[in-house]
There are 2 protein chains.
Amino acid sequence: MAVTLKEVAERAGVSRSAVSRTFTQGASVSAKTRKKVEKAARDLGYSPSLIARSLATNRTKLIGLIANNFQNPVFLEVFDLYTRALQERNLRPLLVNLTDQTDPSASVQLLKQYSVDGVIVASSTLPPLFAHAFKEAQVPVVHAFGRFASTPDIHIVGIDNEHCGALAAETLQKHRYKRVAFLGGPQSATSAQDRAAGFTRRAKEIGLEIVSSLYADAYAYNSGQQAMRELLNDRRFEAVFCGDDLICMGAMDAARDAGLSIPQDVGFIGFNDMNMAAWQAYSLTTIRQPTSEIILSSVDLVVSMLDTPERAPEVRLFPCSVVERGTLKPIEG
Amino acid sequence: MAVTLKEVAERAGVSRSAVSRTFTQGASVSAKTRKKVEKAARDLGYSPSLIARSLATNRTKLIGLIANNFQNPVFLEVFDLYTRALQERNLRPLLVNLTDQTDPSASVQLLKQYSVDGVIVASSTLPPLFAHAFKEAQVPVVHAFGRFASTPDIHIVGIDNEHCGALAAETLQKHRYKRVAFLGGPQSATSAQDRAAGFTRRAKEIGLEIVSSLYADAYAYNSGQQAMRELLNDRRFEAVFCGDDLICMGAMDAARDAGLSIPQDVGFIGFNDMNMAAWQAYSLTTIRQPTSEIILSSVDLVVSMLDTPERAPEVRLFPCSVVERGTLKPIEG
DNA sequence: GAAAATTTTGCAACCGGTTGCAAAAAACAA
DNA sequence: TTGTTTTTTGCAACCGGTTGCAAAATTTTC
């Protein structure tokens, strides 16, 4: 059915190797034969089979992209950036949707079977152990948005969540808040834990009182909304630090529904700075996570592992910053 | 490096074919050899190489998934459903992000090179010609969310956009609106064109006056916001039909920013019923597009084409319905 | 228990490329 | 021109599986 190397070789009157060589980078072919081959290939509409090539070279140009949060629109931004970055480097993403039902070890198996060249685990809600399974299977892996460890055993690209939690505390204090609430992401997520830890520590240091504290059960709108309703039973807090923008939007809507005005009655600060945070309906003050830098960096890292698989595990941390919009009461001059 | 068929065969004391057969569905192996092979495979940690298998069987279990709208959160729902549906059928999505920069014919080439078993074009903003290119390359293809044609030359799964546009007009009339505006998606998208056509036709039939009409330049929040600002220069309309929920949200925020209350001063009806449409900040009345049905059906269709590639092109249309929430003024009893 | 029918097994060719090696061709030097 | 060096070329083996075919083994039938 499809045109093969052999047919092109016959038509061009050269050996199969010659054809192969004109289609592989840096191989030695004379200008004359290259011309002949290219013409024959064009006539026949030939394009080399990547499957066959993969088998021979043991390289597939496939990168496994593992994600488990298809509820949070921020992941659409993430996918957009990943697919583009990979495409630009002539690599292809093989997307794995890790739902609660799917067995994690099955996906390791799976990606191994497809002999992906590398794997990017793009999630802050997966345990470090998960990414580790790939290392054991000898597959280059980087954990993007993963938990920072001072002696990492796999590559980590992300932010210092503990520090960013502290940043949120400082921001609230700067805006003259005294009593605040914490509404975190799912407690099983390392990102949620670390943000909570940093927030709590710094709050204590600077005399910010955390009057209530709650974890949503997912990085999702509904979870935020629901958790906020609970929080509203005890209204001693003047502002809320939400561990994620989407959660924050849910929380804000719950607060408004209870008749509160933002930021007059209650202030909010989110986390991520997703595109939607800038929407007028929310205009969210938030901690910006440099998503695009993290993604590009993790792609670069996995690419460089293709050549030097035994690279020592590296941690790459990017700084977060505060984006001031309209959900905290203004700082008085 | 990786364990191969041959090693398993040697350890189990059988031929390579025997090993191959225990790992392929419906092949003939005795219980005894199967046992031996399975043990050897387990001991060695063997799993068959899908690359090699693909080369031999000419089947990759890869489905190309082509999308070009990574701005609209509804696509995250789409990806979620697609990846799940494919995974359940033991297929894998190879995601292609078709940006404005990427050459469409290059992606045809690309997916051909990876010898994907089939392709799903998941976009209402791509010209019918695009999907057609795969048919010409002999690759099973279905266009999801594509334009319905009475004599299709490729498989189409989606909705009757013209009809749904008409449904929007009827809904506005039912809510006692007289003068309305139309704020469509990008004019190049067939979905936007068809929704506009149906809306206009039906409006005329039932005496609904369309006082202004405008196309946003993308299915995106900002585009909706911007278009709405323009529309607000001439405020003769009492309600707006937006060709997409996200556009509608942008438009609503623009209206509120101009001091209008919804639905008291101006009504809105959207399109899609994305998850976010139910958010309290919007609580959008909208035309529901049965996304999940479309996706499952398109996966089924592409799967069935794997066995019978020459299947006659088929159109599968799913009905839309109105979801009433809070952005149109109530119908008075 | 033998003959016939059925199932299981191994051989060997094949899928469509790549690549080390040695021979052939071309380029260069004297 | 000839000898030497460099580049290009084809051969053949290999990547890791699958599969048609005929022989071997097993099961069924009488």
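What you see is a predicted model, and the numbers here were worked out from it, not measured in a lab.

Q: Quick one: what's the story with the overall build of chain A, residue by residue and with numbers?
A: Scanning chain A for helices and strands turns up 12 helices and 12 strands. Its C-alpha atoms give chain A principal-axis dimensions of roughly 85 × 40 × 40 Å. Long-range contacts, defined as pairs at least 24 residues apart, comprise 72% of the intrachain contacts of chain A with a sequence gap of at least 6. Taken as a whole, chain A presents about 14200 Å² of accessible surface, with 48% of it coming from carbon and sulfur. Between the averaged position of the 36 positive side-chain charges in chain A and that of its 35 negative side-chain charges there is a distance of 10 Å.

Q: So what's going on with the protein's contact with DNA strand D? Residues and values would help.
A: Around DNA strand D sit 27 residues in total, of which Thr33(A), Leu5(B), Arg16(B), Ser20(B) and Arg53(B) are the nearest. For DNA strand D, the fraction of atoms within 4 Å of the protein that belong to sugar or phosphate moieties is 54%. Residue Ser28(A) places a side-chain N or O atom 3.2 Å away from a phosphate oxygen belonging to DNA strand D. Interatomic distance of 2.8 Å between a side-chain N/O atom of Arg53(B) and a phosphate oxygen of DNA strand D. Per element, the largest residue contribution to the surface near DNA strand D is five residues, and it comes from helix α4 (residues 50-57) of chain B.

Q: Got a sec to walk through the pattern of salt bridges? Specific residues and values, please.
A: Residue and element names in this part refer to chain A. Tallying each qualifying case throughout the model produces 38 salt bridges over all chains. With a shortest N-O distance of 3.8 Å, lysine 174 and glutamate 324 are connected by a salt bridge. Of the two residues, lysine 174 is situated in helix α8 (residues 161-174) and glutamate 324 in the segment after β12 (321-323); the sequence distance between them amounts to 150 residues. Residue classification places lysine 174 among the partly exposed positions, given a relative accessible area of 44%.

Q: Outline the sheet that holds strand β9 (residues 267-272) of chain A, supporting the account with residue identities and numerical values.
A: Residues and elements named next belong to chain A. Taken together, six strands build an open sheet; the order of strands is β7-β6-β8-β9-β10-β12 and the sheet is mixed. Of all the strands in the sheet, just β7 (209-215) and β12 have a single pairing partner and so form its edges. Strand-to-strand twist of the sheet, defined as the mean angle between neighbouring strand axes without regard to direction, takes the value 25°. As paired strands, strand β8 (residues 239-242) and β9 are joined by three bridges and run parallel to one another. Residue phenylalanine 241 lies in a different strand from β9, and its bridge partner there is isoleucine 269. Contacts between α8 and the sheet are confined to β6 (179-184), β8, β9, β10 (286-288) and β12, with β9 contributing the most and set at about 155° to the helix.

Q: Could you give an account of the relation of the copies chain A and chain B, naming the residues involved and the relevant values?
A: It takes a turn of 180° to lay chain A on chain B, together with a shift of 0.0 Å along the axis; the resulting RMSD is 0.1 Å. These values place the two chain copies in the arrangement generated by a two-fold rotation axis.

Q: So what's going on with the packing of helix α8 (residues 161-174) of chain B against helix α9 (residues 190-206) of chain B? Residues and values would help.
A: Residues and elements named next belong to chain B. For the pair α8 and α9, interaxial distance at closest approach is 6 Å and the crossing angle is 40°. In terms of orientation, α8 and α9 fall into the oblique class. Of the two possible hands of crossing, α8 and α9 adopt the one that is right-handed. Counted together, Asn161, Glu162, Gly165, Ala166, Ala168, Ala169, Glu170, Leu172 and Gln173 of α8 and Ser191, Asp194, Arg195, Ala197, Gly198, Phe199, Arg201, Arg202, Ala203 and Ile206 of α9 form the full contact between these two elements.

Q: Outline the protein's contact with DNA strand C, listing residues and values.
A: In the region of DNA strand C, 27 residues are neighbours, and Leu5(A), Arg16(A), Ser20(A), Arg21(B) and Thr33(B) sit closest. Protein-proximal atoms of DNA strand C, defined as those within 4 Å of the protein, fall in sugar or phosphate at a share of 53%. One of the side-chain N or O atoms of Ser17(B) is found 3.0 Å from a base nitrogen in DNA strand C. Residue Ser28(B) places a side-chain N or O atom 3.3 Å away from a phosphate oxygen belonging to DNA strand C. Counting only elements with at least two residues in the surface near DNA strand C, the list comes to α2 (16-22) and α4 (50-57) of chain A together with α2 (16-22) and α4 of chain B. For the surface near DNA strand C, the element with the most residues is α4(A), which contributes five residues.

Q: How would you explain the UniProt feature "domain: HTH lacI-type" (unreviewed entry) in chain A if you had to name every residue and give the values?
A: The feature "domain: HTH lacI-type" (unreviewed entry), as given by UniProt, occupies residues 3-57 of chain A in the numbering adopted here. Spanning residues 3-57 of chain A, this segment combines 67% helix with 0% strand, and its end C-alpha atoms are found 20 Å apart.

Q: I'd like a rundown of the environment of Gln109(A), residues and numbers included.
A: Residues and elements named next belong to chain A. Positionally, glutamine 109 belongs in helix α6 (residues 104-113). Assessed through its relative accessible area of 34%, glutamine 109 is described here as partly exposed. Sequence separation between glutamine 109 and phenylalanine 134 is 25 residues, and the spatial gap between their C-alpha atoms is 9.2 Å.

Q: Could you give me a rundown of empty space enclosed by the protein, with the residues and numbers involved?
A: All names here are of chain A. Throughout the structure, instances matching the rule amount to three cavities of 30 Å³ or more. Counted as a void, the largest cavity has a volume near 240 Å³. Around the largest cavity sit 21 residues that line it, and Phe75, Ser124, Phe145, Asn272 and Gln289 are the ones nearest its centre. Those elements that place two or more of their residues in the lining of the largest cavity are α5 (74-88) and α9 (190-206).

Cut-off values and rules
Residues numbered from 1 in each chain as written. Chains lettered and ligands numbered in written order. Predicted model: local features only at pLDDT ≥ 70, side-chain atom pairs only at ≥ 80, totals over all residues. Heavy atoms only, no water. Helix = DSSP H or I, 4+ residues; strand = E, 2+ residues; numbered from the N terminus. Contact = heavy atoms within 4.5 Å. Areas by Shrake-Rupley, 256 points an atom, 1.4 Å probe, with all protein chains shown as cover. Lys, Arg positive; Asp, Glu negative; His and termini not counted. Charge placed at Lys NZ, Arg CZ, Asp CG, Glu CD. Near = heavy atom within 4 Å. Polar contact = N/O pair within 3.5 Å; in protein donor to acceptor, adjacent residues only side chain to side chain. Salt bridge = Lys/Arg side-chain N within 4 Å of Asp/Glu carboxyl O. Buried < 20%, exposed > 50% of the residue type's maximum accessible area, 1.4 Å probe, protein only. Pairing = 2+ DSSP bridges. Axes fitted to C-alpha atoms, helices over the stretch in contact; angles between N-to-C directions. Least-squares fit on C-alpha atoms with pLDDT ≥ 70 in both. Parallel < 35°, antiparallel > 145°, perpendicular 65-115°, else oblique. Left-handed = near helix turned anticlockwise from the far one by under 90°. UniProt positions renumbered as here; feature names shortened; annotations may be inferred. 1 Å grid on protein atoms, 1.4 Å probe; cavity = no way out; pocket = protein on both sides within 12 Å on 5 of 7 lines; lining within 4 Å. Points joined across faces, edges and corners; volume = space filled by probe spheres on them.

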